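What the coordinates show
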Amino acid sequence: TEKNSSNILSIRLLSVVQLSVSEDLGCRRGEFSRKHYGSVELLISSDADGAIQRAGRFRVENGSSGENTDYTPGTWHRTDVHLENPEYHTRWYFKYFLGKVHQNYIGTDAEKNPFFLSVVLSDQNNQRVPQYHSILWRKTGTQKICLPYSPTKTLSVKSILSAMSLDKFEKSPREIFHPEIQKDLLVLEEQEGSVNFKFGVLYAKDGQLTDDEMFSNETGSESFQRFLHLLGDTITLKGWTGYRGGLDTKNDTTGTCSIYTVFQGHEIMFHVSTMLPYSRENKQQVHVIVSVFPHPDIVTIVFQEGEESSPAFKPSMIRSHFTHIFALVRYNKQNDSYRLKIFSEESVPLFGPPLPSPPVFTNHQEFRDFVLVKLINGEKATLETPTFSQKRQRTLDMLIRSLYQDLMPDLHKNMLNRRSFSDVLPESPKSTRKKEEARQAEFVRLGQALKLKTTVKGDATANLSTTSFCKKEPWESQSFCSNFPHEVVCADSWGQSLLVSTDAGILLIDDGQPSVQVFDKTLQIKQMHVLEALNLLIARTDKGKDSRLLVFRLSAVQKDIETKQMIRSKYDCRENKLERTKGCHLYAINTHHGSELRIVVAIRNKLLLITKKYNPRNSLTSSSLLSSSESPVEEFQYIREICLSDPPVVMTLVDGPTEDSDNMICVAYRHQFDLINESTGEPYRLHHVETNKVNFVAAIDVYEDGEAGLLLCYNYVCQYRKVYPFNGGSPLIQPSAYDFHFSWNQVPYAVVCAFPYILAFTTDSIEIRLVVNGNLVHTAVVPELQLVASRSDIYFKATAAVSGSSDSSSKEMSSRSSPQTPTADEMPECPLSSLEGEVPCKNLYKIPLSNLVGRSIERPLKSPLAPKVITTTTSSGIASLPVTHSLSLSRMEIKEIASRTRKELLGKLSLFFSVHINCQVYNF
């Protein structure tokens, strides 16, 4: 008996360690820092006499934070190396519209500016999720949204434009029937930027400090040649038929050879300084280069020889003001490694991936992939600077106005405005159905021809991220529970298990284990929090006026589960009710509860502030696991009541810089977000929403270098606002340079922040973006998606169609399917329908938070939560080392991934590419 008790205690102590690590990781999810992306410095270049020649302000990324010196670099393998705003997810017209039946409209807004609207009903990535994809073309750029499809409700053009905040018109939209409009709209989409790239490569010998000296190098060293071979293949320019990047492929005026590669569907041509024509008569070699390239490269790699102690390259050494980003590369022969440093002109927005610390790469293939992703993202970011964005806006305005003037006479002449303003994809009248079918056939034929021509020319990413098959993405989901039959109301993770409120009661679910009933269905829980570190379960029961806030000790609940004494009902929870919470419709807790747990309860337009002082004796330790079954209600104390003008829809607690003051409450109601001072109850306007209809989604508290900020999510918008501490009774919430906003492609019902990512959940997709700039990284299609829990690991419920085929080839394809699609091995076996051959099954899936947060952050971050040193006691009574978790891939796995990636990019796996098409990841 003593041995069994000891084993049970050891298991529980191990669970305590895992829970504490999970709790700390959950607190880190809202921590981020722009310091990872460098800091702006004034860089000055001087001549040999010390006179200043040029100066400029650049953001310098060197991978060192300056303050973090107590960690081991290179411990974790990076997972946040992604192309931002990938064309596969952003070139909507080419992907969803071109070559398919769709509708295009023309009109003018209230300021008499012309616009175009394109609408198509498409199946999202062939996942049986029909959606309306809509593109609004305006001089300021394109706006793209997804709208749900309903077979019983007709979508109107007015409702689409209203969703895009366009409600007033000078001329109402009219449909365009000319098939040639597809060619013009494709040109408009191409203004977003090229899908192929040209990068400069500049060789600098040790001690060279001017661009004339660097461009005068006719040959490079052996290490430089190896670096070029790593970047790509040497090709002969004369007769070259691929992407040429501005090089002469007929007369050799720009040299005879160059370096070329294909990376994730993008063709890249490198302008290598040692391969460009050289004039010995002209000492100023820069002028020769400028005559060959009137428009220098936006991004340039500088390969510098010499030791670290030798004079380093500075962007101010280059006279050209066109180059906005420099990537400084140094090679170390001693350990066969590359060191990387990035210089970005001050106006360039932040872009990833952030450099590791230190920025040293011993794996050459990993270094190549990192550099190419960094440079592609950098050029895209540069196009958003005022220099380029204003030029693009002028070009887009000119094209739209010219197209509008060409089309308007035909609209009146041919009466092509006969369709109703409110109809989208209406049924054609029987008298004109044949004529309409003929027009649609010609429309589709021309679109398909344009798509093929664009692909052959190399102006589209034809092979579309083929590396996704061999690269495990951090958002990849795992099957948690197959064929879950209940309706989920809410849930929260409890260690490695999931506590779920369903229509059948409260269940405890563990991976691969039968579910355990914890409370019966008489207790209807609408909101819950499992706080392992505080040994608490907080739940809101919602049944009209009887709604209450309940608190339980986790140890008591766990004891009931282990002893199987009883399944609690609502009548057994009378002692667990918190006083004064009757009628509550919402509550929120503070994210970081290291010393004090704060709860704000909303009862109509009243807020109740309740606190619980942290008591180590009641935390989840061995003693509390074996005892402490009494109700914890008496440990909570009522602080104050705050009255609002309206009942809050969204509520979030924001921690101040100190533990006992400057705490705030963010509430959303009517058309605004307000900040409430917890000490005084005074409200302060944070943001007012200037739209007719507001759908509040979330207000997420995030902490940048210890300072609070808020991600305000409503409608399609996600806006970041820096929140400064209260100063003399009022918070400093005026807009700052750190504020930014972006738009989702579809209205989410929930948003989850897990730095460096922010995930938006809709009814059929997960949209994944980066927190620091809002750039899109990936869109995962998940039919009938329901977010279940997200405070720690992310759990969601989804419907998947299960095929009854046992063909081996289909299983092989399923094993290579994309992360958002559960593989054949993960799917439950369900009976097949005799009519359709398949039955939808609802399953629970899990995205480990450690994959999103833990493996992405390579530098320790400041956290309001006190650091925890957790040790386990051995049988001899000696404390063992703190528990650590290995989150890196093995060396062999990395080498295998790199090898397979390289082979795919060179086009040597044609069979694999065929499987890619069949899996519909390659989907126009």
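So, here is what we can say about the structure in this document. Worth saying up front: this structure is predicted, and the values here are computed from it rather than measured.

This paragraph deals with the overall build of the protein chain. When you go through the protein chain residue by residue, the secondary structure sums to 17 helices and 45 strands. Across the 924 residues in the protein chain, those meeting the buried criterion constitute 53%. If you sum the accessible surface of the protein chain, you get close to 41,800 Å²; carbon and sulfur atoms cover 51% of it.

Glancing now at the sheet that holds strand S8 (residues 169-176). Sheet strands associate in pairs through backbone hydrogen bonding, adopting either a parallel or an antiparallel arrangement. The strand order S7-S6-S5-S4-S8 describes an open sheet built from five strands, whose pairing is antiparallel. Of all strands in the sheet, those bounded by a partner on one side alone are strand S7 (141-148) and S8. Taken pair by pair, the neighbouring strands of this sheet meet at an average axis angle of 20°, ignoring direction.

This next bit is on unusual backbone geometry. Backbone torsion omega between Gly 352 and Pro 353 reads 0°, so that peptide bond is classified as cis. Within the secondary structure, Pro 353 is located in the loop between strand S15 (337-345) and strand S16 (360-361). A cis geometry characterises the amide bond from Phe 755 onward to Pro 756, with omega recorded as 10°. The phi angle at Ser 165 is positive, at roughly 60°, despite the residue not being glycine. Note on placement: Ser 165 falls in the loop between helix H4 (157-163) and S8. On the basis of relative accessibility, which here comes to 52%, the residue Ser 165 falls in the exposed class. The phi dihedral of Glu 784 falls on the positive side, at around 50°, and the residue is not glycine. For Glu 784, the location among the structural elements is in the loop between strand S42 (776-781) and strand S43 (786-789).

Once that is clear, we can look at the environment of Gly 774. In this fold, Gly 774 is placed in the loop between strand S41 (765-770) and S42. Relative accessible area serves as the criterion here: at 3%, Gly 774 is assigned to the buried category. Here Gly 774 is in contact with Phe 740, Phe 742 and Arg 769, once residues within four sequence places are set aside.

Turning next to the environment of Lys 521. When you line up the elements, Lys 521 lands in the loop between strand S21 (516-519) and strand S22 (525-531). Along the chain, Lys 521 and Ile 506 lie 15 residues apart, while their C-alpha atoms are 7.1 Å from each other.

All of the buried residues along helix H5 (residues 181-190) are Ile 181, Gln 182, Leu 185, Leu 186, Leu 188 and Glu 189. An end-on view of H5 places all buried positions within 155° of arc, on one side of the element.

Counting buried positions along strand S33 (residues 696-704) gives nine out of nine residues, so the element sits mostly inside the fold. Pairing analysis gives eight bridges linking S33 to strand S34 (residues 707-714), with the strands arranged antiparallel. Among the inter-strand pairings, Ala 699 is bridged to a residue of S34, identified as Leu 712.

Let us now look at the nonpolar core. Within the largest apolar cluster, 41 residues are counted, with the highest numbers of intra-cluster contacts made by Val 201, Phe 227, Phe 270, Ile 301, Leu 340 and Phe 367. Those elements giving two or more residues to this core turn out to be strand S9 (197-204), helix H7 (222-231), strand S11 (257-263), strand S12 (266-272), strand S13 (299-304), strand S14 (325-332), S15 and helix H9 (364-382). The greatest single-element share of this core, amounting to eight residues, is contributed by H9. With residues near it in sequence (within four places) discarded, Phe 270 still touches Phe 199, Val 201, Leu 231, Ser 258, Ile 259, Thr 261, Ile 301 and Leu 372.

Let us look at the packing of aromatic side chains. Within the structure shown, the criterion is met by 29 aromatic pairs. With centroids separated by 5.9 Å and ring planes inclined at 75°, the aromatic side chains of Tyr 93 and Trp 137 adopt a geometry described as edge-to-face. With a gap of 44 residues between them, Tyr 93 in helix H3 (residues 92-97) and Trp 137 in strand S6 (residues 130-138) connect regions that are remote in the sequence. A relative accessible area of 1% means that Trp 137 is categorised as buried. When the ring of Tyr 203 is compared with that of Phe 224, the centres are 4.7 Å apart and the planes differ by 40°; the resulting orientation is tilted. Taken together, the positions of Tyr 203 in strand S9 and Phe 224 in helix H7 put the pair 21 residues apart, joining distant regions of the chain.

Our next topic: the side chain of Thr 249. Topologically, Thr 249 is positioned in the loop between strand S10 (233-236) and S11. Exposure remark for Thr 249: the relative accessible area of 14% places this residue in the buried category. Not counting the four nearest positions on each side in its chain, Thr 249 is found in contact with Leu 237, Lys 238, Gly 239, Trp 240 and Arg 244.

Counting buried residues along S14, seven of its eight residues qualify, which places the element largely inside the surrounding structure. Of the strand pairs in this sheet, S13 and S14 are connected by five bridges, and their pairing is parallel. If you follow Ile 301 over to S14, its bridge partner there is Ala 327. When S14 meets S15, the two strands line up antiparallel, connected through eight bridges. Within S15, the position partnered with Tyr 331 by the bridge is Tyr 338. The antiparallel hairpin formed by S14 and S15 contains four residues in its connecting segment, where Asp 336 sits at a positive phi of about 55°.

Right, let's talk about the pattern of salt bridges for a bit. Applying the stated rule across the entire model yields 27 salt bridges. Salt-bridge contacts for Lys 238 lead to Asp 252; the nearest nitrogen and oxygen are separated by 3.9 Å. One end of the pair, Lys 238, is in the loop between S10 and S11; the other, Asp 252, is in the loop between S10 and S11, with 14 residues separating them in the sequence. Put simply, Glu 635 and Arg 553 hold a salt bridge, and the shortest N to O gap is 2.4 Å. With a gap of 82 residues between them, Glu 635 in the loop between helix H13 (622-626) and strand S28 (636-643) and Arg 553 in strand S24 (residues 548-553) connect regions that are remote in the sequence. Three or more residues are tied together by salt bridges with common partners; here these are Arg 91, Lys 144 and Glu 192.

Viewed as axis vectors pointing N to C, H7 and H9 meet at an angle of 65°, and their least axial separation amounts to 10 Å. Viewed along their axes, H7 and H9 adopt a mutual orientation that is roughly perpendicular. Relative to H9, the crossing made by H7 is right-handed. Taken together, the residues of H9 that come into contact with H7 (itself represented by Phe 227, Leu 230 and Leu 231) are His 364, Phe 367 and Arg 368. Its residues placed into classes, the contact of H7 with H9 shows four nonpolar, one polar and one charged.

A few words now on the sheet that holds S42. As summarised here, the arrangement of the four strands in space is S39-S40-S41-S42, forming an open sheet in which the pairing is antiparallel. With partners counted over all chains shown, the strands left at the sheet margins are strand S39 (750-754) and S42, one partner each. Across the sheet, the mean angle separating the axes of adjacent strands is 15° when strand polarity is ignored. Here five bridges tie S41 to S42, and the two strands are oriented antiparallel to one another.

Where H5 contacts helix H11 (residues 433-457), the axes come no closer than 9 Å and their chain directions differ by 35°. As H5 runs across H11, the sense of the crossing is right-handed. For the pair formed by H5 and H11, the contact residues are Ile 181, Gln 182, Lys 183 and Leu 186 on the first element and Phe 443, Leu 446, Gly 447, Leu 450 and Thr 454 on the second. Within the contact of H5 with H11, the residues separate by chemical class into five nonpolar, three polar and one charged.

Rules behind the numbers
- Residues numbered from 1 in each chain as written.
- Predicted model: local features only at pLDDT ≥ 70, side-chain atom pairs only at ≥ 80, totals over all residues.
- Heavy atoms only, no water.
- Helix = DSSP H or I, 4+ residues; strand = E, 2+ residues; numbered from the N terminus.
- Buried < 20%, exposed > 50% of the residue type's maximum accessible area, 1.4 Å probe, protein only.
- Areas by Shrake-Rupley, 256 points an atom, 1.4 Å probe, with all protein chains shown as cover.
- Pairing = 2+ DSSP bridges.
- Axes fitted to C-alpha atoms, helices over the stretch in contact; angles between N-to-C directions.
- Contact = heavy atoms within 4.5 Å.
- Arc of directions from axis to C-beta.
- Core = buried A, V, L, I, M, F, W, Y, C linked by side-chain atoms within 4.5 Å.
- Phe/Tyr/Trp six-rings, centres within 6.5 Å; stacked < 30°, edge-to-face > 60°.
- Salt bridge = Lys/Arg side-chain N within 4 Å of Asp/Glu carboxyl O.
- Parallel < 35°, antiparallel > 145°, perpendicular 65-115°, else oblique.
- Left-handed = near helix turned anticlockwise from the far one by under 90°.
- Nonpolar A, V, L, I, M, F, W, Y, C, P; charged D, E, K, R; others polar.

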